[in-house]
Amino acid sequence: MSTAMIFVGLISSTILATASNSWLLAWLCLELNTLSILPFISKTKHPRAIEAATKYFLTQATASCLLLLAGTSNAWLTGTWDMTQMSNKLTSTTMLIALTMKMGTVPTHFWLPEVLQGSTLLTALLISTWQKIAPMSLLFIMSNNIQPTFTLTLGLLSTTFGGWGGMNQTQLRKMMAYSSIANMGWTVITLTHEPKASMINIFTYIILTTPTFLLMALTSTKTLQNMTTMWSTSPLATTTMTLLLLSTAGLPPLTGFLPKLIIMNELVTQNLTPLATMAMMTSLLSLSFYLRTTYLTTLLNPPSSATSATKWRQKMTKNKTMILLPTATTSTFMMPALIP
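Residues numbered from 1 in each chain as written. Predicted model: local features only at pLDDT ≥ 70, side-chain atom pairs only at ≥ 80, totals over all residues. Heavy atoms only, no water.

S.K.: Describe the pattern of salt bridges, naming the residues involved and giving the relevant values.
M.R.: A pair can form between side chains of opposite charge whenever their charged atoms are brought close. Counted according to the given criterion, the structure contains 3 salt bridges. In this structure, the salt-bridge partner of Glu51 is Lys55, at a minimum N-O distance of 2.9 Å. Of this pair, Glu51 and Lys55 both sit in helix H3 (residues 47-78), 4 residues apart, which is roughly one turn of the helix. By relative accessible area, which is 41% here, Glu51 ends up partly exposed. When the shortest N-O distance is used, the salt bridge between Glu114 and Lys55 registers 3.9 Å. Remark: Lys55 occurs in helix H3 and Glu114 occurs in helix H5 (residues 111-117); sequence separation between them is 59 residues. For Glu114, a relative accessible area of 35% translates into the label partly exposed. Through salt bridges with shared partners, a single ionic network connects Glu51, Lys55, Glu114 and Lys174. (Salt bridge = Lys/Arg side-chain N within 4 Å of Asp/Glu carboxyl O. Helix = DSSP H or I, 4+ residues; strand = E, 2+ residues; numbered from the N terminus. Buried < 20%, exposed > 50% of the residue type's maximum accessible area, 1.4 Å probe, protein only.)

S.K.: Explain the environment of Thr239 residue by residue, including any values.
M.R.: Its place among the elements puts Thr239 in helix H13 (residues 235-249). Take Thr239: its relative accessible area is 48%, and that puts it in the partly exposed class. Distance in space between the C-alpha atoms of Thr239 and Thr294 is 9.4 Å, their sequence separation being 55 residues.

S.K.: How would you sum up unusual backbone geometry? Please name residues and give values.
M.R.: With omega at 5°, the peptide bond leading from Val106 into Pro107 counts as cis. Relative to the helices and strands, Pro107 is located in the loop between helix H4 (89-103) and H5. Of note, Lys45 is a non-glycine position whose phi angle comes to about 65°, a positive value. If you trace the backbone, Lys45 turns up in the loop between helix H2 (23-41) and H3. A positive phi angle is found at Ser220, which is not glycine, with a value near 55°. Along the chain, Ser220 falls in the loop between helix H10 (195-218) and helix H11 (224-227).

S.K.: Account for the environment of Ile141, naming residues and giving values.
M.R.: Examined against the element boundaries, Ile141 turns out to sit in helix H7 (residues 133-141). Placed 120 residues apart in sequence, Ile141 and Asn21 show a C-alpha to C-alpha distance of 8.8 Å. Ignoring any residue separated from it by four or fewer positions in sequence, one finds Ile141 in contact with Thr18, Ser20, Met83 and Thr84. (Contact = heavy atoms within 4.5 Å.)

S.K.: Lay out H2 with the relevant residues and their values.
M.R.: An α-helical turn contains 3.6 residues, so any two residues separated by three or four positions project in the same direction. With 19 residues, H2 should cover 27 Å at 1.5 Å per step; its first-to-last C-alpha distance of 27 Å lies within 8% of that length. Within the span of H2, buried status applies to Trp23, Ala26, Cys29, Leu30, Asn33, Thr34, Ser36, Ile37, Leu38, Phe40 and Ile41. Those residues of H2 that are buried are in contact with helix H1 (2-19), H3, H4, H5, helix H6 (121-128) and H7. Where H2 begins, the side chain of Ser22 points an oxygen toward the backbone nitrogen of Leu24, at a separation of 3.3 Å. (Expected span 1.5 Å × (residues − 1). Polar contact = N/O pair within 3.5 Å; in protein donor to acceptor, adjacent residues only side chain to side chain.)

S.K.: Explain the packing of H10 against helix H14 (residues 257-269) to me, and be specific about the residues and the numbers.
M.R.: It is at 9 Å that the axes of H10 and H14 come closest, and there the two elements cross at 160°. When the interaxial angle is binned, H10 and H14 end up roughly antiparallel. Remark: the crossing between H10 and H14 carries left-handed chirality. Across the interface between the two elements, Ala197, Ile200, Asn201 and Thr204 from H10 touch Pro259, Ile262 and Ile263 from H14. Here the residues of the contact of H10 with H14 are counted per class, giving 5 nonpolar, 2 polar and no charged. (Axes fitted to C-alpha atoms, helices over the stretch in contact; angles between N-to-C directions. Parallel < 35°, antiparallel > 145°, perpendicular 65-115°, else oblique. Left-handed = near helix turned anticlockwise from the far one by under 90°. Nonpolar A, V, L, I, M, F, W, Y, C, P; charged D, E, K, R; others polar.)

Structure (structure tokens):
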């Protein structure tokens, strides 16, 4: 019963935050959202989970303080709490930093890998997907008042650090955290020029990440070493995971390529071709560790030699993977449906 009530609070706070038009109401909803996710993070009672919950709380509390400061300063200058009246450059920049801190972009991204590593896979799924909807909706509302140079810089730095950070990771949750940082960079980079492209990118990322985390949870896969023996648990899950990772990397003709194509087209249209080129070069960093993961998943099958002991095949895993198959198919071959 308590879990259901907390889950209702988590959902309702996000919905209210996205529907609010006042910074004060948005701040209250984000605070409720933060307090609702904390029991899920610390549920296992493990010291690492408690540490992750503490880091998440401190980071989100700092971001909420900045958000309240920016909202109060803007209300003092303009006489209104309306989100669309962020005409002051200082208050709009402070609000941008607060919201990007909640999403986990550079330079306030250091909390995300540690929190995901200390959480369960399903809790990491919530943090990587659902918890980004409310801040992104608020950024979409105030996108007309954000400084373009600032968003372009944050976006390019996020794609760079996200790619570099994930290259040497052996823990899949940390790798997915750096992947999230890189994808948030792609989202922020066109926030002022084409907000709709940013929204397409974030929701495509959510569609891709959800079945990926669910497959990891079903097959108890947490490290790269586990990926080498996933075929023994479920061959269907192995194939699906490979397609999902390649789609998240942005390889055509998979779904993840389309948002990057739209963003690149918008950057070139705005005469930002050098920036678009640098963004594409940084995406190769993310592609490198995705290809390494898919190699360990698919190319170490029999008759090749596995690097660790195989796991027992479970009958329930196959059935649950079949349930995830429609979602995974949508995540990999949905390009025509996403074309605006």
